[in-house]
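Listed below, chain by chain, are the residues.
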Amino acid sequence: MITKLLIAFLFLVCLFMSFVTNTTVTRSQKLLLFTLGLLMVIISTFRPDSMPDYANYYEAFIHRRSIDGARFEPAFHIIRVMSFGVPIIGFMMFAIISIGTRITLISKMSPLIW
């Protein structure tokens, strides 16, 4: 329930911010963007177990092997080693890299607040 409320809140804030155009980004806008990114990382890290592919990645983190002969991308193996096989830490590392990169690139290439 909390996850759905956070997602709805993020959507509404992002929807509101999409109508704001500004060529100079203020400190408060950067702080808001950072906060939104942090909320997105938290939501994606602690997502429900019923989400697609969650079980496969969780099992691969726990057993340190591919599931049913499936191969994972090299970044998965690197992050698995760096997270000491703890799935939550690995999921958080993936989320920080993915969401952080996207937010940075969108904010650099868009004339909007993003």
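Residues numbered from 1 in each chain as written. Predicted model: local features only at pLDDT ≥ 70, side-chain atom pairs only at ≥ 80, totals over all residues. Heavy atoms only, no water.

Colleague: Could you clarify how one ought to interpret a nonpolar patch on the surface in this entry?
Modeller: On the surface, Leu31, Phe34, Leu38, Ile42, Phe46, Phe84, Val86, Ile88, Ile89, Met92 and Ile96 cluster together into a nonpolar patch covering about 1100 Å² of accessible area. For the nonpolar patch, the secondary structure elements donating two or more residues are α2 (27-45) and α5 (87-109). Tracing the sequence through the fold places phenylalanine 46 in the loop between α2 and α3 (54-63). (Patch = residues over 30% accessible without salt bridge, like charges linked within 9 Å, V, L, I, M, F, W, Y side chains within 5 Å. Areas by Shrake-Rupley, 256 points an atom, 1.4 Å probe, with all protein chains shown as cover. Salt bridge = Lys/Arg side-chain N within 4 Å of Asp/Glu carboxyl O. Helix = DSSP H or I, 4+ residues; strand = E, 2+ residues; numbered from the N terminus.)

Colleague: Even after reading the chapter, I still don't get the environment of lysine 30, so can you show me in this structure?
Modeller: Its place among the elements puts lysine 30 in helix α2. Distance in space between the C-alpha atoms of lysine 30 and serine 107 is 9.7 Å, their sequence separation being 77 residues.

Colleague: Help me understand the packing of α2 against α5, please; the structure alone is not making it clear to me.
Modeller: Working note: a packed helix pair is described by the angle between its axes plus the distance between those axes. Their axes nearest at 9 Å, the elements α2 and α5 cross at an angle of 145°. Judged by the twist between their axes, the crossing of α2 over α5 is right-handed. Facing α2, whose interface residues are Leu33, Gly37, Met40, Val41, Ser44 and Thr45, α5 presents Ile88, Phe91, Met92, Ala95, Ile96, Ile99, Ile103 and Ser107. Split into classes, the residues belonging to the contact of α2 with α5 amount to 10 nonpolar, four polar and no charged. (Axes fitted to C-alpha atoms, helices over the stretch in contact; angles between N-to-C directions. Left-handed = near helix turned anticlockwise from the far one by under 90°. Contact = heavy atoms within 4.5 Å. Nonpolar A, V, L, I, M, F, W, Y, C, P; charged D, E, K, R; others polar.)

Colleague: For this particular structure, what's the right way to read the layout of surface pockets?
Modeller: To find leftover empty space, a probe the size of one water molecule is rolled over the atoms. In this structure, the largest pocket encloses a volume near 400 Å³. In terms of lining, the largest pocket is formed by 17 residues, of which the most central are Ser44, Thr45, Arg47, Phe91 and Ala95. Elements that contribute at least two residues to the lining of the largest pocket include exactly α1 (2-17), α2 and α5. Of all the elements, α5 adds the most residues to the lining of the largest pocket, at six residues. Here the lining of the largest pocket is composed, by residue class, of 10 nonpolar, four polar and three charged. Within this model, the second largest pocket holds a volume of roughly 180 Å³. For the second largest pocket, the full set of lining residues is Lys30, Leu33, Phe34, Gly37, Leu38, Val41, Ile96, Ile99, Gly100, Ile103 and Thr104. At six residues, the largest contribution of residues to the lining of the second largest pocket is made by α2. Looking at side-chain class alone, the lining of the second largest pocket contains seven nonpolar, three polar and one charged residues. (1 Å grid on protein atoms, 1.4 Å probe; cavity = no way out; pocket = protein on both sides within 12 Å on 5 of 7 lines; lining within 4 Å. Points joined across faces, edges and corners; volume = space filled by probe spheres on them.)

Colleague: Explain α1 here, please?
Modeller: Along an α-helix, residues three or four apart share an orientation, since each turn contains 3.6 residues. In this model, α1 (16 residues) spans 22 Å end to end at C-alpha, consistent with the 22 Å of a helix rising 1.5 Å per residue. Contacts made by the buried residues of α1 are with α2. (Expected span 1.5 Å × (residues − 1).)

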